Amino acid sequence: MPITYEHIKTCKQTGARLGRVHTPHGSFETPMFMPVGTLATVKTMSPEELEQMGAKIILSNTYHLWLRPGEDIVREAGGLHSFMNWDGAILTDSGGFQVFSLSDLRDIEESGVHFRNHISGEKLFLSPEKAMHIQNALGSDIMMAFDECPPYPATHEYMKASVERTSRWAERCLEAHQRPSEQGLFGIVQGGEYEDLRRQSAKDLTSLDFSGYAVGGLSVGEPKDVMNKVLEFTTPLLPANKPRYLMGVGSPDSLIDGAIRGIDMFDCVLPTRVARNGTCMTSTGRLVVRNAKFARDFRPIDENCSCYTCRNYSRAYIRHLIKANETFGFRLTTYHNLYFLLELMMQVRESIKNDRLGDFREEFFEKYGFNKPDAKNF
Ligand SMILES: [Zn+2]
């Protein structure tokens, strides 16, 4: 098995797991956050900077790389690691989420999905076999099964048919995977907010030999308490000896709440996307550095942060750069936000070690201002 999970400890206060995932490109401790490098680059960051801030695994998008530059070019380059000069681990999604979220014109059949390219309008077809073929060419350490990601809310009837199709597609993905000794493959549990369907999906998928399991179909517009409830009844259905990945979640509160519910891996475009908008995550809450009130504020973005940005640059300077559309400004806020989340996960792991993740959550939420009625979240 190219991907293995080593369990280190369970937090006595919360049940959160501390573990280590081993991949062909190094190991990382969990719970872990994965920065997103959609087009084989984490926007504005160099691989050296990612390494410096403690990123061990990044995510890249199959759909986007399939369209540009095309998986053949990446394969000719020696795979994604060599193409983008990143020695750490890489997880690729299946393209399913983009097909269902970016394309208005799509037609779902048993064989796969017909849709239009969101850039050129050209007609395309993605199937379990095609998604495996592309990810095999990209050479990621962890590939994801091709699933259907229905919108929220969906009826029980629709969701049931979708879960059954996703299970049949999952079998076809395992069948089509050409490099099982080099690349791990994760199955994705779907079922929306319906407990019986999550149970069905988990049962179908855990009867197949995946290297890990993701909880999909969350963070698609449902309230946070729905997400937490779904995790509470879903993660116990997943095998304890394999990694668990919550897809598309990256707000600080949800990372902590996901870890408490037994999740090991997370990814989200949130920290990098809001950074390019001049919005920063800090230990005392959300800070919109482009606001006028920071024009003469010469303190760092976060006085409790020891990242490259906070050690060297002021709010006033970063605000000026971002207002002037200077790339360096986006680099500085991106660096800080990613560092902040990676550091947060380190604190989560430390808290699990000391059996106090529940206390840490209280302290963090208090400082972050989540307990205030006017708290601004992401
Ligand atoms: Zn910082």
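For the structure itself, look to the data block above.
Residues numbered from 1 in each chain as written. Predicted model: local features only at pLDDT ≥ 70, side-chain atom pairs only at ≥ 80, totals over all residues. Heavy atoms only, no water.

Trainee: What is the right way to look at the coordination of the zinc ion in this model?
Mentor: When a metal holds four donors in a tetrahedron, each ideal angle between them is 109.5 degrees; when it holds six in an octahedron, the ideal angles are 90 or 180 degrees. Those donors, Cys305 (SG), Cys307 (SG), Cys310 (SG) and His336 (ND1), are the protein atoms that reach the zinc ion, and they lie 2.1 to 2.3 Å from it. Considering all four donor atoms around the zinc ion, angles at the metal cover 100 to 117 degrees and the coordination shape is tetrahedral. Mapped onto the sequence, the residues coordinating the zinc ion show the spacing C-x1-C-x2-C-x25-H. By the burial criterion, cysteine 307 is buried, and cysteine 310 matches it. (Donors = N, O, S within 2.8 Å, 3.2 Å for Na, K, Ca; no water. Tetrahedral: all angles 85-135°; square planar, octahedral: opposite > 155°, others 65-115°. Buried < 20%, exposed > 50% of the residue type's maximum accessible area, 1.4 Å probe, protein only.)

Trainee: Would you take a moment to explain the sheet that holds strand β10 (residues 142-144) for this structure?
Mentor: Across a sheet, strands are paired by hydrogen bonds formed along the backbone, either parallel or antiparallel in direction. Taken together, eight strands build an open sheet; the order of strands is β4-β14-β13-β12-β11-β10-β6-β5 and the sheet is parallel. In this open sheet, the two edge strands, each paired with only one partner strand, are β4 (32-34) and β5 (57-60). On average, each strand axis in the sheet is tilted by 25 degrees relative to the strand beside it, whichever way the strands run. Relative to strand β13 (residues 244-246), strand β12 (residues 212-215) runs parallel, the two being bridged by three bridges. (Pairing = 2+ DSSP bridges. Helix = DSSP H or I, 4+ residues; strand = E, 2+ residues; numbered from the N terminus. Axes fitted to C-alpha atoms, helices over the stretch in contact; angles between N-to-C directions.)

Trainee: What is the right way to look at the pairing of strand β8 (residues 113-116) in this model?
Mentor: Side chains Val113 and Phe115 project from β8 onto a buried face, and the interleaved His114 and Arg116 project onto a face without burial. In terms of strand pairing, strand β7 (residues 106-108) meets β8 through three bridges, oriented antiparallel. Opposite arginine 106, over in β8, you have phenylalanine 115 as the bridge partner. A loop of four residues connects β7 with β8, the two strands running antiparallel in sequence. Note: β8 against strand β9 (residues 123-126), four bridges, orientation antiparallel. The partner of arginine 116 across the bridge, within β9, is lysine 123. The hairpin formed by β8 and β9 contains six residues between the paired strands, and glycine 121 there has a positive phi angle of roughly 85 degrees.

Trainee: How should the environment of serine 162 be read in this particular structure?
Mentor: Structurally, serine 162 can be placed in helix α7 (residues 156-176). Taking the relative accessible area as the measure of exposure, serine 162 reaches 0% and is therefore buried. Here the alpha-carbon distance between serine 162 and alanine 292, two residues 130 residues apart in the chain, equals 48 Å. Dropping the residues within four chain positions of it, serine 162 is found in contact with Glu148 and Pro150. (Contact = heavy atoms within 4.5 Å.)

Trainee: For this particular structure, what's the right way to read the packing of aromatic side chains?
Mentor: Summed over the entire model, instances satisfying the criterion amount to 13 aromatic pairs. An aromatic cluster of three or more residues is present, and its members are Tyr308, Tyr313, Tyr317, Phe328 and Tyr335. Positioned over the ring face of phenylalanine 365 is arginine 361, at 4.0 Å from the centre of the ring. (Phe/Tyr/Trp six-rings, centres within 6.5 Å; stacked < 30°, edge-to-face > 60°. Lys NZ or Arg CZ within 6 Å of the ring centre and 35° of its normal.)

Trainee: Looking at this structure, I do not really get the sheet that holds strand β2 (residues 17-23). What am I missing?
Mentor: The strand order across the open sheet built from three strands is β1-β2-β3, with neighbouring strands paired in antiparallel fashion. Lying at the two open borders of the sheet, with one neighbouring strand each, are β1 (4-10) and β3 (26-30). The sheet shows a mean angle of 15 degrees between the axes of neighbouring strands, direction not considered. The sheet contact formed by β2 and β3 spans five bridges and is antiparallel. Bridge assignment links threonine 23 to a residue of β3, and that residue is glycine 26. Packed onto the sheet, helix α14 (residues 327-353) meets β1, β2 and β3 and runs at close to 125 degrees relative to β2.

Trainee: Is there a simple way to think about unusual backbone geometry in this case?
Mentor: Keep in mind that most residues, glycine aside, have a negative phi and that most peptide bonds are trans. Residue proline 31 is reached from threonine 30 by a cis peptide bond, and omega for that bond is 0 degrees. The topology assignment puts proline 31 in the loop between β3 and β4. The backbone of serine 219 sits at a positive phi, close to 60 degrees, despite the residue not being glycine. Mapping serine 219 onto the fold places it in the loop between β12 and α9 (224-234). The phi dihedral of aspartate 355 falls on the positive side, at around 55 degrees, and the residue is not glycine.

Trainee: Can you walk me through the side chain of histidine 81 in this structure?
Mentor: Relative to the elements of secondary structure, histidine 81 occurs in helix α4 (residues 80-84). A polar contact is formed between the side chain of histidine 81 and the backbone oxygen of glycine 88, at a distance of 3.2 Å. Sequence-distant contacts of histidine 81, defined by excluding residues within four places in its chain, comprise His25, Trp86, Gly88, Ala89, Ile90, Gly139, Ser140 and Asp141. (Polar contact = N/O pair within 3.5 Å; in protein donor to acceptor, adjacent residues only side chain to side chain.)

Trainee: Explain the pattern of salt bridges here, please?
Mentor: A side chain with one charge can pair with a side chain of the opposite charge if their charged atoms come near. Tallied over the entire structure, the rule returns 26 salt bridges. Note that glutamate 6 is salt-bridged to arginine 20, the shortest N-O span being 3.1 Å. Taken together, the positions of glutamate 6 in strand β1 and arginine 20 in strand β2 put the pair 14 residues apart, joining distant regions of the chain. Measuring nitrogen to oxygen at the nearest pair gives 2.9 Å for the salt bridge that ties glutamate 164 to lysine 160. With glutamate 164 and lysine 160 both in helix α7, this residue pair falls four residues apart, about one helical turn. A relative accessible area of 38% means that lysine 160 is categorised as partly exposed. Look at the salt bridges and you will find they share partners, linking Glu232, Asp257, Arg261, Arg361 and Glu362 into a network. (Salt bridge = Lys/Arg side-chain N within 4 Å of Asp/Glu carboxyl O.)

Trainee: Quick question: what am I supposed to make of the pairing of β12 here?
Mentor: As a general feature of sheets, a regular strand has side chains that alternate between the two faces. Burial along β12 is two-sided: the face carrying Gly212 and Ala214 and the face carrying Tyr213 and Val215 are both buried. Of the strand pairs in this sheet, strand β11 (residues 184-189) and β12 are connected by four bridges, and their pairing is parallel. The residue of β12 that forms the bridge with glycine 187 is tyrosine 213. Handedness of the crossover joining β11 and β12 through helix α8 (residues 195-206): right-handed. Where the polypeptide runs from β12 across α9 and back to β13, its parallel neighbour, the crossover connection is right-handed. (Right-handed = clockwise from strand over helix to strand, strands pointing away.)

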